[in-house]
Every structure is written in C-alpha cells, then in structure tokens.
Amino acid sequence: RMKIRDKILIQKYYLNVFNGIFLALGLMLLTFGLWLFFDRDNLFSVLFSSGENQLVAYISCMLLGIGSVITFTSAMGFLGSVKEIKCLLVTYMSVQILVFVTQMAISVLIFVKKEEVHNQWNNRIDEVISEYGNESLAEQEPVWNILNAVQHNMECCGRYNVTQWERNKNKENRTQIPCSCIKSSLKKWFCDVPRDSTYSMGCEEYLNTWFENNVLILTAITISLLITQIFLITLTGQLFRNIRKNNIWPNE
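All residue numbers refer to position in the chain's written sequence, counted from 1. For this predicted model, a pLDDT threshold of at least 70 governs which residues receive local features, and a threshold of 80 or more governs which side-chain atom pairs are given and counted, while totals over whole chains, interfaces and linings are taken from all residues. Hydrogens and waters are ignored; side-chain quantities use all the structure's heavy atoms.

Secondary structure follows DSSP: runs of H or I at least 4 residues long count as helices, runs of E at least 2 residues long count as strands, and numbering of each begins at the N terminus. The helix and strand tally for the protein stands at six helices and two strands. Start at the N end of the protein and walk to the C end: the helices and strands fall as α-α-α-α-α-β-β-α. A simple rule labels every residue: compare its accessible area, found with a 1.4 Å probe on the protein chains alone, to the largest value its type can have, and call it buried under 20%, exposed over 50%, or partly exposed in between. Expressed as a percentage of its 252 residues, the buried residues of the protein come to 43%. Sequence separation of 24 or more characterises 73% of the internal contacts of the protein that already satisfy a separation of 6 or more. Any two residues whose heavy atoms approach within 4.5 Å are treated as being in contact.

Here is the structure:
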C-alpha cells in the first residue's frame, strides 16, 4: 500500500506540471489582450476602437483581467503545494472554480456572439469603404492606410469586389478607385484607372480567414484552460485531503 507521504509527493509533482501549463495559457491570454489593446496596426483593433464602438477595449480588458488573475492564482498554487499550506490550497481551489465558471461563461459568449461580431466586422468594413478619402474625417486615416495595405498586399479590391467602391462619394469622378487596388506605389487615396486594370478579387475571403483564425486561437486557449482547470481542481482537492491526513496520521 502506498504511503500518504508518497501520494503527496506524486500529487504535488502533477499539480505543479498542470499549474505550469495553466500559467502558460494565462500568459497567452494576457499577451492576446495586450496585443489587442496596444497594437494599432492590426485591422480588428483599428476598426473597433474608434468612435462609440469600444468592442476591442472591452475584449482586451476582459482578457487582461483573466490573464492577470490566472498568473496570480498560479503563483498561489505553486506556493501552496510546495510549502503544503492548506489555507492557500483551499483559496487556490476556490479561485480555480470561480475562474472555471467565468471561462465557461466566456466560451458560451464567444459561441453566441461570434456571428454578431462577424456581422459588425463586415458592416464596419463597408462603412470604412464609404468614408474612405473624406477630408473631413482625417482622424480615420489610420484605418484607410490599413485597408490600403490589405488591398495592396493581398491584391484584392473592396470587401466583395471592386464595384463596392462605387458607393464611395469622396471621389472626384465615378471612375476613380483607390490606388491600392492596382499595382501602384502612388501615395494618394484615389487613382484614375480603367476598371479592367484593377484587382478583380474582393478581400472578404482574406478578411474572414484572418477573423476566423483569431477566434479559433482564442477558443483553443479557452478550451485548453477549461481542461487544465478540471485536472487542477481535482488534484488540489486530493492533495489537500492527503496533507490533512498526513498531519493527523504522520506515520501512515
């Protein structure tokens, strides 16, 4: 029969392994949140950080909050297991359960709101295309520059195709299109070119792939956290019971 002390050593080892995985995933969430909050060169952040739409601010603050809690909790778990401090282990397990419930709620929210955010994403891109080149909206130039970079680098034009630029009212004439819709290095908003010389493909496929990939990464981190937390909660409970038994019957 295995002694209680041996069980404690094995449980401490596995608890610290899973706690390390938990910490790494938490740091990923923290990094993801910092990237959304500070990077003004990615399309999603720029599109949803202007005007009244503060979706990126809400998402990044949520990720930063959860990542910070996970980092603090992991430190508490390491200390509690190594030093065998029962009150820390109980606190650690309680916080784990709380974070687990929060993660479940976020997973459901991502699933329910994904289509809504995707529609907002498409509508916002259409709005940017309509406002593009408006001299009275100079504060929107960072958004237009990123849209130009997408069109130029991916060799695409508009969200679904070049005809979408017909709705833009800021051109000098109807035949103008953004210079990024052709192989041009001109640093101006619009160029006079024949329609058949523009990129024929729309940017929607590229934009949707970028959006889906980021949602997939966030979902994968969330699911990995949930699985890791199940192991952590179970191991912490078992370790706590065995430490208490060892204090009562130290020779068993």
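Moving on, we come to the environment of H152. Its location among the elements puts H152 in helix α5 (residues 141-154). Residues within four places of H152 in sequence aside, it is in contact with S180, I182, S184 and Y199.

What follows concerns unusual backbone geometry. Backbone geometry places E84, a non-glycine residue, at a positive phi of 55°. Looking at the secondary structure, you find E84 in the loop between α3 (55-83) and α4 (86-131). Although it is not a glycine, E155 adopts a positive phi angle of roughly 55°. Note on E155: relative accessible area 39%, which makes it partly exposed.

What follows covers the environment of K86. Of note, K86 is situated in helix α4. Between the C-alpha atom of K86 and that of T236, which follows or precedes it by 150 residues, the distance is 9.9 Å.

In the structure, α4 departs most strongly from a straight axis at K113, where the bend amounts to approximately 50°. Positioned one or two residues after α4, G133 has a phi angle of 80°, which is positive. Throughout, the bend at a residue refers to the angle made by two axes, fitted to the seven residues ending there and to the seven starting there.

Turning our eyes to something else, we now look at a positive patch on the surface. Patches draw on residues past 30% relative accessible area with no salt bridge. Two like charges within 9 Å are joined, as are two nonpolar side chains (Val, Leu, Ile, Met, Phe, Trp, Tyr) within 5 Å. Accessible surface is estimated by sampling points in the Shrake-Rupley manner with a 1.4 Å probe; for residues, cover comes only from the protein chains shown. Each reported salt bridge corresponds to a side-chain nitrogen of Lys or Arg within 4 Å of a carboxyl oxygen of Asp or Glu. Counted charges follow a simple rule, with Lys and Arg positive, Asp and Glu negative, and His plus the chain ends left uncounted. For charged residues, the charge sits on one atom: NZ in Lys, CZ in Arg, CG in Asp, CD in Glu. Judged by side-chain charge, K7, K86, R241, R244 and K245 come together as a positively charged surface patch. Looking at which element gives the most residues to the positive patch, the answer is helix α6 (residues 204-248), with three residues. Tracing the chain through its elements places R241 in helix α6.

Quick look at the pattern of salt bridges now. Opposite charge on two side chains permits them to pair, given that their charged atoms come into close proximity. For the structure on display, the rule yields five salt bridges. The shortest N-O distance in the salt bridge between K12 and E84 comes to 3.1 Å. Of this pair, K12 sits in helix α1 (residues 4-38) while E84 sits in the loop between α3 and α4; the two residues are 72 residues apart in sequence, bridging distant segments of the chain. A salt bridge links R159 to E204, with the shortest nitrogen-to-oxygen separation between them at 2.6 Å. Taken together, the positions of R159 in the loop between α5 and β1 (176-178) and E204 in helix α6 put the pair 45 residues apart, joining distant regions of the chain. Judged by relative accessible area, which is 26%, E204 ranks as partly exposed. Where salt bridges share partners, they join R5, K12 and E84 into one cluster.

With that out of the way, let us pick up the packing of aromatic side chains. Pairing of aromatic rings covers Phe, Tyr and Trp, the last counted by its six-membered ring, and requires centre-to-centre distances within 6.5 Å; plane angles under 30 degrees mean stacked, over 60 mean edge-to-face, and any other angle means tilted. Considering all chains together, one arrives at seven aromatic pairs under this definition. Ring geometry for Y132 against W165: centres 4.9 Å apart, planes inclined by 70°, an arrangement best described as edge-to-face. Pair noted here: Y132 is in the loop between α4 and α5 and W165 is in the loop between α5 and β1, with a separation of 33 residues, a long-range link. Their ring planes at 80° and their centres at 5.2 Å tell us that Y132 and F190 sit as a pair that is edge-to-face. Residue Y132 is located in the loop between α4 and α5, and its partner F190 is located in strand β2 (residues 190-192); the two are separated by 58 residues in the primary sequence. Y132 sits in the buried class, given a relative accessible area of 0%. Chaining the aromatic ring pairs together yields one cluster made of Y132, W144, W165, W189 and F190.

Time to look at the packing of α1 against α4. Axis definition: a line fitted to C-alpha atoms, limited for helices to the stretch in contact. Angles are taken between N-to-C directions and run from 0 to 180 degrees. Their axes nearest at 14 Å, the elements α1 and α4 cross at an angle of 45°. By the angle class used here, α1 and α4 are oblique. The handedness of the crossing between α1 and α4 comes out as left-handed. Contact with α1, carried on its side by L15, N19, F22 and L29, involves L89, Y92, Q96 and Q103 of α4 and no other residues of that element. Relative orientations are named as follows: roughly parallel for angles under 35 degrees, roughly antiparallel for angles over 145 degrees, roughly perpendicular for angles from 65 to 115 degrees, and oblique for any other angle. Crossing handedness is read from the near helix: turned anticlockwise from the far helix by less than a right angle, it gives a left-handed crossing, and turned clockwise, a right-handed one.

All right, on to α5 then. Under the convention used throughout, the expected extent of a helix is 1.5 Å for every residue step, that is, one less than its residue count. Its 14 residues give α5 an end-to-end C-alpha distance of 20 Å, which sits within 8% of 20 Å, the value for a rise of 1.5 Å per residue. When we look at burial in α5, the residues that qualify are V143, W144, I146, L147, N148, V150 and Q151. Residue E155 follows α5 closely and has a positive phi angle near 55°.

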